[in-house]
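Examining the three-dimensional arrangement
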Amino acid sequence: MTLRLHDTATRTVRDFQPVTPGRASVYLCGATVQGTPHLGHLRSAICFDILVRWLEASGYQVTYCRNVTDIDDKILRAAAAEDVPWWALAERNLRAFTEAYDAVGCRPPDVQPRATGHIPEMIELIGRLIEDGHAYQAGGDVYFDVRTDPAYGELSGQRLAEMRPAEETPAGETETGAALKRDPHDFVLWKGAKPGEPSWRTPWGPGRPGWHLECSAMSTHYLGSTIDIHGGGIDLIFPHHENERAQSTTAGDRFARYWVHHGLVLLSGRKVSKSEGRVLAAAEALAQVRPQELRYYLGQAHYRSPLDYSLDALEEAVAAYQRIERFVSRAQHAVSSRGGDRPHQGEALDTQGEHSAWGERSAWGERSAWGERSVWGEHGAAPAAALPISFAAAMDDDLGVPAALAAVHATVRDGNYALSTGDTESVETCLTQARAMLTVLGLDPLDPAWQTSDPGGRLHSVVDALVELVLRERETARARGDYASADSIRDTLEDTGVAVDDTTEGPRWELKR
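This is a predicted model, so every value here is computed, not measured.

What follows is about the overall build of the protein chain. Counting secondary structure elements, the protein chain contains 14 helices and 15 strands. The burial tally for the protein chain puts 54% of its 513 residues in the buried class. A separation threshold of at least 6 residues defines the contact pool for the protein chain, and within that pool the share at least 24 residues apart is 71%. Summing over all exposed atoms, the protein chain offers an accessible surface of approximately 22,300 Å²; the carbon and sulfur share of this is 50%.

See below:
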């Protein structure tokens, strides 16, 4: 099958045909770092992480760009409220975003440009627009003339006469040249300097860039005049992406071939938003569940669907992921034991190989478990040949993650049945397929990204030896018919957080989830 994606501009699901065969460029509108990340930010990053992983699994060489807006009205206001330099606040929050993205297993973008690092490109773009009659100076500001773009409104499906006027500044503030705008819908490209605010020198006077201008300049600088996929949340379609498209296309760039937008995270049916005071902080959510469980929850719905957060739904997702995790752990142990090199019980969820999906050592090594080099390039993963047809078909159908997860759970059920019957060959097949699918979704329990810090594995070895010693005492008690003592030992282990599973191959243990 061919990958098909929903294109906001055409309102259809289209075959993905990149500018250059075998290559794909992806630009995601990243965070404005006026505060710390919330669940909406994490969902955005996870949705596009899955898209990038699937493109790579499909054989594309991907260039993934996710920007950072580090100069903005909201940042200046937040910095003033804390009485700290704007750049210090932006840097502090950017680090919090990076930590949150890393925590939920999002591979870093290939480039992460900051707005303040691309002022020359923005000035150059404004110059082109003014020269071609699409922008004009008014007071100390520079505005885009929307009436010079016949296609303005097509991305968001609106008519200019029915649009609300451009809102460029916080309530109670005005642009220096707002009264001189030719049309109330014209949006600002460059904001004239104000006392106490950062500014850069330009042919039109000192000032700072408008939000929409920043993304146009950064995306085309790194990905070229035509970008394969440009995306973000549906709340960015208008005015941000509409204005990006207008200023870039009138400047002569083809810009985006596909506009991909994800649904929002909701709280009681309303958008999670810092500006509206409805925030569930990423740190708060990560304190409730493990990172991989939160990733499962935020990534399980179709990316275009809204996700209404609730503790009940989160707990259901946690239970679903743990069912997958238990199978992978048991299957890995069964397959390793069959090979005659029985691993320590405590290593059942540890790495087995060399390079991770984030450039470190992977559970599959330089060459895959199937004898061929991975088709995923430097970021590493299981070969596409291991993916069930149902999973690949679901992912090709506009990233149908719900159907893809159904394929994962079906494989896990088959694998658990094979475990119960001692069919180790089928167990190995199911494990291979499950891990290949889970790697695409960023959820492989054996990925080193999910392992706790334990240099050299010393803690694993010590705990493993101690638990094995206790389990031998339990087996001795059972052998002499002292089942009360055996049950007491098991209960004690349970109380300390160690779950014991009696299998046909003997007792196995794992940490309780």
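After that view of the structure, there is still more to cover.
Our focus in this paragraph is the pattern of salt bridges. As enumerated under the stated definition, the model contains 29 salt bridges in all. One salt bridge connects Arg 290 with Glu 293, and the closest N-O pair in it is separated by 2.7 Å. The exposure class of Glu 293 is buried, given its relative accessible area of 3%. In the salt-bridge network here, residues are joined through shared partners; they are Arg 474, Glu 475, Arg 478, Arg 490 and Asp 502.

Bringing the packing of helix α1 (residues 39-57) against helix α3 (residues 86-103) into the picture now. Packing of α1 against α3 leaves a shortest axis separation of 10 Å and a crossing angle of 55°. Taken together, the axes of α1 and α3 are oblique relative to one another. Regarding α1 and α3, the two cross each other, and that crossing is right-handed. Facing His 41, Leu 42 and Ala 45 of α1, the residues of α3 in contact are Phe 97, Ala 100 and Tyr 101. The residue makeup of the contact of α1 with α3, split by class, is 5 nonpolar, 1 polar and no charged.

If you walk across this open sheet you meet the 4 strands as β4-β3-β9-β10, and the pairing is parallel. Two strands close off the open sheet at either side, each with one partner strand: β4 (61-66) and β10 (255-262). Strand-to-strand, the axes of this sheet are offset by a mean angle of 25°, without reference to chain direction. Direction of pairing for strand β3 (residues 23-28) relative to β4: parallel, over a ladder of 6 bridges. Residue pairing for β4: Leu 28 is matched across the bridge by Arg 66.

This part covers the nonpolar core. Counting residues in hydrophobic clusters, the biggest one holds 88 residues, and the most contacted among them are Leu 55, Ile 229, Leu 294, Phe 391 and Met 395. No other element matches α1, which puts 12 residues into this core. Core analysis: the next-biggest nonpolar cluster, separate from the first, contains 39 residues, Ala 135, Met 163, Leu 223 and Ala 256 among them.

So, on to the sheet that holds strand β12 (residues 270-271). Backbone-to-backbone hydrogen bonds join strands into a sheet, with any given pair of strands oriented parallel or antiparallel. Spatially, 3 strands are ordered β12-β11-β13 in an open sheet, and the strand pairing comes out mixed. One side of each edge strand has no neighbouring strand; the edge strands of this open sheet are β12 and β13 (307-309).

Before going further, it helps to examine the confidence of the model for the protein chain. Mean pLDDT for the protein chain: 86, with 84% of residues reaching 70 or above. The low-confidence segment residues 168-173, where pLDDT is below 50, has 13 contacts with residues more than four positions distant or belonging to other chains. Note that pLDDT drops below 50 for residues 340-381; the model gives that stretch 101 contacts with residues more than four away or on any other chain.

This part takes up the packing of aromatic side chains. Applying the stated criterion across every chain yields a total of 9 aromatic pairs. Ring geometry for Phe 16 against Tyr 60: centres 5.5 Å apart, planes inclined by 75°, an arrangement best described as edge-to-face. Of this pair, Phe 16 sits in the loop between β2 (12-15) and β3 while Tyr 60 sits in the loop between α1 and β4, placing them 44 residues apart in sequence. An identical accessibility class is assigned to Phe 16 and Tyr 60; each is buried.

On to helix α6 (residues 237-250), then. With 14 residues, α6 extends 18 Å from end C-alpha to end C-alpha; this agrees with the ideal 20 Å at 1.5 Å per step. In terms of residue burial, α6 counts as a mostly covered element, since 12 of its 14 residues are buried. All buried positions along α6 are accounted for by Ile 237, Phe 238, His 240, His 241, Glu 242, Asn 243, Glu 244, Arg 245, Ala 246, Gln 247, Ser 248 and Thr 250. The elements touched by buried residues of α6 are α4 (119-131), β6 (141-144), β7 (187-192), α5 (211-223), β9 (226-233) and β10. Gly 252 sits one or two positions beyond α6 and adopts a positive phi of about 105°.

Pairing geometry for strand β5 (residues 135-138) and β6, over 4 bridges, is antiparallel. Bridge pairing links Ala 135 to Phe 144 in β6. Where β5 folds back on β6, the antiparallel hairpin that results is connected by 2 residues, among which Gly 139 adopts a positive phi of roughly 65°.

The side chains of a regular strand alternate between both faces of the sheet. Across the 8 residues that make up β9, a large majority, 8, are buried. With 3 bridges connecting them, β3 and β9 associate as parallel partners. Bridge pairing in β9 links Leu 28 to Gly 231. Where β9 and β10 come together, 7 bridges link them in parallel fashion. Looking at the pairing, Ile 227 lines up with Ala 256 of β10. As for the winding sense of the linkage, the β-α-β connection from β9 through α6 to β10 is right-handed.

How each quantity is defined
Residues numbered from 1 in each chain as written. Predicted model: local features only at pLDDT ≥ 70, side-chain atom pairs only at ≥ 80, totals over all residues. Heavy atoms only, no water. Helix = DSSP H or I, 4+ residues; strand = E, 2+ residues; numbered from the N terminus. Buried < 20%, exposed > 50% of the residue type's maximum accessible area, 1.4 Å probe, protein only. Contact = heavy atoms within 4.5 Å. Areas by Shrake-Rupley, 256 points an atom, 1.4 Å probe, with all protein chains shown as cover. Salt bridge = Lys/Arg side-chain N within 4 Å of Asp/Glu carboxyl O. Axes fitted to C-alpha atoms, helices over the stretch in contact; angles between N-to-C directions. Parallel < 35°, antiparallel > 145°, perpendicular 65-115°, else oblique. Left-handed = near helix turned anticlockwise from the far one by under 90°. Nonpolar A, V, L, I, M, F, W, Y, C, P; charged D, E, K, R; others polar. Pairing = 2+ DSSP bridges. Core = buried A, V, L, I, M, F, W, Y, C linked by side-chain atoms within 4.5 Å. pLDDT = per-residue confidence, 0-100. Phe/Tyr/Trp six-rings, centres within 6.5 Å; stacked < 30°, edge-to-face > 60°. Expected span 1.5 Å × (residues − 1). Right-handed = clockwise from strand over helix to strand, strands pointing away.

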